[in-house]
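Next come the chains, spelled out residue by residue.
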Amino acid sequence: MSTIAIISSFADDTRCARAIEQLREAELGDFNTFSPIPSHKIEHAIGRSKSPVRWLVLAGGISGVLTGLAITIGTTYEWGLNAGGKPLVSWPPFIVICFELMVLLGGIFGFLGVLMLSGVPTTETAPGYDGRFGGDRFGIVVRCDEAQAERVESMLKESGAEEIVREDEAQPR
Amino acid sequence: MSSNLQLAHRKRAATKPQAVESVAGATMKAAAGAMIVLGAIAFVVALSRGGAAIAWEAYLVNLLFFLGVAQGAVVASSSFYLTQAKWGGSTPYRLGEAFAPFLWVGFFLFFGLYFGRSLIFPWVTHPIAQKAAWLNTPFLFARDGIALGAMAVASFAFIRVSRGDGARAWTIATDEIELPPHSIRVLAPVVAVLFAAVYSLIAFDLVMSLAPVWRSTLFGWYFFAGCFWSGVTAMALTAVVLRGRLGENNLFTNPTVMHDLGKMVFAFSVFWIYLLFAQYIVIWYGDLPVETFFIVQRVHHMPWSPLSVACVVLIWLIPFTLLMSVRAKKTPVILGTVSALGLAGMWLERYVLVVPSLSLDAIPFGATQFLISIGFLGAFLLSAVPGLNRVAQAATSGEPVGDDAE
């Protein structure tokens, strides 16, 4: 019995998430989901644990604050900058610089983290990917035994799939 | 929460609506009535026994605080329309509108200040020549009276439409009805914009003019952002309290709804500290005595500095640290405690804004202020009774909750 791929497209993430939940409950084959937008509903349905990117952002944020403190305190001591007779190390203006550097480095770490963890850039397309899944459609590609194909297809249709295509694994689209 | 569970929750809620006659019934009315009587007695006793200054300060602090809560919550409801919020069906709207009757109470209590004007407003006894055109008794009471009256009229016009069938149908329809009724789309922005204008004016007239030489352009914004936050916080606290009193399947047992309320409390607490800091740093940099004295007195001088620090802790530090995680926002005990502490912090903030301008050194806080505050709280609760029953009705109706309840 051969494995085949079933490619289905959905018009919205609610229906797509419903299909994912049903597929997971029925434990039929493994599947990939394509989404043109980040969707909480699909994330919940897939049940993936939280992304480690947030720890990278935290690390970036903390290094930003430390950099900010080093720059502000370091330069005022190095140059003895006296502004209006105020103490050399005065926290109110330093907060602004620390805050901005926290946002900047946190953002950069987060951006690079996303690229790194998602393996972007890449030249390969995941099997079953369709250009529409980067446009206005959500897609689920299920790989399963041929014997289960009927069940999977009816399940997808029930969940509100617009279009269901069956393909041999050997010839990815 | 997976949408499966959510669906199950909705189905359960839809099949088993629980009848709620009244969450705020005779006991609450009697208690609130007793609180008002206590407050009134304390006020009269203080006036007749030489504590007039203390009594009027407490009167003003409480008027500002409770008026801010009531109005802030109505503006929260109007801002839900502006952002097309459907995360809790019609309940968050009813929650925001619940305290509105106090707007009229506050409107009438405002004119009570007329009798204490010489004790509250320093410029009544020592007029400032350059500012006399603005800071004089008839003009102040006329413009603020008109402003508060207009605010109350606009708020009630908004609430009337918001409680109507058209607006309600929109709040509970997931996607059939695209926009709320036209009248709401006019009245919601009117309420929001008027709020910014009127409460800036109130901040300038009833808080800033107590130290008539001091000025901060941002102060009005800072003040009404605090009002808005206290309204949102009161809504969250009410939701937590009602959650335990409305039986099994009320809307507030839905963790996503509590999460959304928690997000509001978290976000606008950060906004408050942002505005506080934005004012602070400009005054710090400029270092002009005419601006710094207001801050120095409150931040560096006893007995006010610990109170100022307490405000920042209660309004920003505690909500920011405790409500950061999703789980904490969804835990009613945490959200309720943070909200209650936040409201206490907001009351204290009004106190620290008003009282140091009038009584320089000592913290005149004793039985008189406490009882007057209790009296205002009683009036606030009594005026909220019908609104709270509406909230209970909406939260237990089992109506569908919008699709974007995430």
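Data block above holds the structure.
Residues numbered from 1 in each chain as written. Chains lettered and ligands numbered in written order. Predicted model: local features only at pLDDT ≥ 70, side-chain atom pairs only at ≥ 80, totals over all residues. Heavy atoms only, no water.

1. Structural notes on the overall build of chain A
Along the backbone of chain A there are five helices and four strands. When the helices and strands of chain A are listed from N to C terminus, the series reads β-α-β-α-α-α-β-α-β. The C-alpha atoms of chain A give a radius of gyration of 25 Å, which is well past the 16 Å a tight globule of 173 residues would have. Overall, chain A is about 80 × 30 × 25 Å in size when its C-alpha atoms are taken along their principal axes. (Helix = DSSP H or I, 4+ residues; strand = E, 2+ residues; numbered from the N terminus. Rg over C-alpha atoms; globule rule 2.2 N^0.38 Å.)

2. Observations regarding unusual backbone geometry
Residue and element names in this part refer to chain B. Here the amide bond leading from M302 into P303 is cis, since omega sits at 0°, within 30 degrees of zero. Relative to the helices and strands, P303 is located in the loop between α13 (289–299) and α14 (304–322). One non-glycine residue, D287, lies in positive phi territory at about 60°. Inspection of the secondary structure assignment puts D287 in the loop between α12 (255–286) and α13.

3. So, the environment of H44 of chain A
Tracing the backbone through its elements, the reader meets H44 of chain A in helix α2 (residues 40–46). Considering only alpha carbons, one finds H44 of chain A and N82 of chain A, 38 residues apart in sequence, at a separation of 54 Å.

4. Concerning the packing of aromatic side chains
By convention here, two paired aromatic rings are described through the distance between centres and the angle between planes. Summed over all chains, the structure comprises 46 aromatic pairs over all chains. Residues F34 of chain A and Y129 of chain A carry aromatic rings whose centres are separated by 5.3 Å and whose planes lie at 70° to one another, so their mutual orientation is edge-to-face. On the criterion of sequence distance, the pair formed by F34 of chain A in strand β2 (residues 30–34) and Y129 of chain A in the loop between α4 (91–118) and β3 (138–145) is long-range, its members being 95 residues apart. For F34 of chain A, a relative accessible area of 11% gives the class buried. Look at F110 of chain B and F141 of chain B: their rings are 5.4 Å apart centre to centre, the planes differ by 40°, and that puts the pair in the tilted class. With F110 of chain B in helix α5 (residues 102–112) and F141 of chain B in helix α8 (residues 137–162), this residue pair connects regions lying 31 residues apart in the sequence. Classification of F110 of chain B by relative accessible area gives buried; the value is 0%. We classify F141 of chain B as buried; its relative accessible area is 7%. The structure contains a cluster of three or more aromatic residues connected by ring pairs, namely W104, F107, F108, F110, F111, Y114, F115, F121, W123, F141 and F156 of chain B. Above the face of the F294 of chain B ring, R298 of chain B is positioned so that its terminal group lies 3.6 Å from the ring centre. (Phe/Tyr/Trp six-rings, centres within 6.5 Å; stacked < 30°, edge-to-face > 60°. Buried < 20%, exposed > 50% of the residue type's maximum accessible area, 1.4 Å probe, protein only. Lys NZ or Arg CZ within 6 Å of the ring centre and 35° of its normal.)

5. Regarding the sheet that holds β2 of chain A
All names here are of chain A. With respect to topology, four strands assemble into an open sheet ordered β2-β3-β1-β4, the strand pairing being antiparallel. With partners counted over all chains shown, the strands left at the sheet margins are β2 and β4 (163–168), one partner each. Averaged over neighbouring strand pairs, the angle between their axes works out to 20° when direction is ignored. In the sheet, strand β1 (residues 3–10) pairs with β4 via six bridges, with the strands oriented antiparallel. Across the sheet, the residue bridging to S9 is E163, located in β4. Packing against the sheet, helix α1 (residues 13–26) makes contact with β1, β2 and β3, and its axis sits at approximately 20° to β3. (Pairing = 2+ DSSP bridges. Axes fitted to C-alpha atoms, helices over the stretch in contact; angles between N-to-C directions. Contact = heavy atoms within 4.5 Å.)

6. Examining the packing of helix α3 (residues 52–82) of chain B against α8 of chain B
All names here are of chain B. Across the interface, α3 lies against α8 with an axial gap of 11 Å and an inter-helix angle of 45°. In this view, α3 runs oblique relative to α8, as classed from their interaxial angle. In this structure, the crossing between α3 and α8 has a hand that is left-handed. Within the contact between the two elements, α3 uses L67, Q71, V74, S77, S78 and Y81 and α8 uses L148, M151, S155, F158, I159 and S162. The residue makeup of the contact of α3 with α8, split by class, is seven nonpolar, five polar and no charged. (Parallel < 35°, antiparallel > 145°, perpendicular 65-115°, else oblique. Left-handed = near helix turned anticlockwise from the far one by under 90°. Nonpolar A, V, L, I, M, F, W, Y, C, P; charged D, E, K, R; others polar.)

7. Remarks on the pattern of salt bridges
Considering all chains together, one arrives at 15 salt bridges over all chains under this definition. As a salt-bridge pair, D287 of chain B and K86 of chain A come within 4.0 Å of each other at their nearest N and O atoms. With one member in each of two chains, D287 of chain B in the loop between α12 and α13 and K86 of chain A in the loop between α3 (53–79) and α4 form a pair that bridges those chains. On the basis of relative accessible area, D287 of chain B is assigned to the partly exposed category, the value being 40%. Across the pair E153 of chain A and R166 of chain A runs a salt bridge, and its minimum N-O distance is 2.9 Å. Note that E153 of chain A is positioned in helix α5 (residues 149–159) and R166 of chain A in strand β4, a separation of 13 residues in sequence. A network of salt bridges, in which partner residues are shared, links D130, R132 and E163 of chain A. (Salt bridge = Lys/Arg side-chain N within 4 Å of Asp/Glu carboxyl O.)

8. Observations concerning the nonpolar core
Judged by nonpolar contacts, the single largest core of 127 residues is most densely connected at F99, L113, F158, Y199, L206, F223 and F252 of chain B. Here this core takes 20 residues from α3 of chain B, the largest share from any one element. Excluding residues within four positions of it along the chain, F99 of chain B makes contact with A70, A73, A234, M235, T238, F380, A384 and L388 of chain B. Ranked by size, the runner-up nonpolar core spans 20 residues in total, among them I6, F10, L23 and I42 of chain A. (Core = buried A, V, L, I, M, F, W, Y, C linked by side-chain atoms within 4.5 Å.)

9. Topic: α13 of chain B
Of the residues making up α13 of chain B, those classed as buried are E291, T292, F294, I295, Q297 and R298 of chain B. Looking at the buried positions of α13 of chain B, the neighbouring elements they touch are α12, α14 and α16 (332–358) of chain B.

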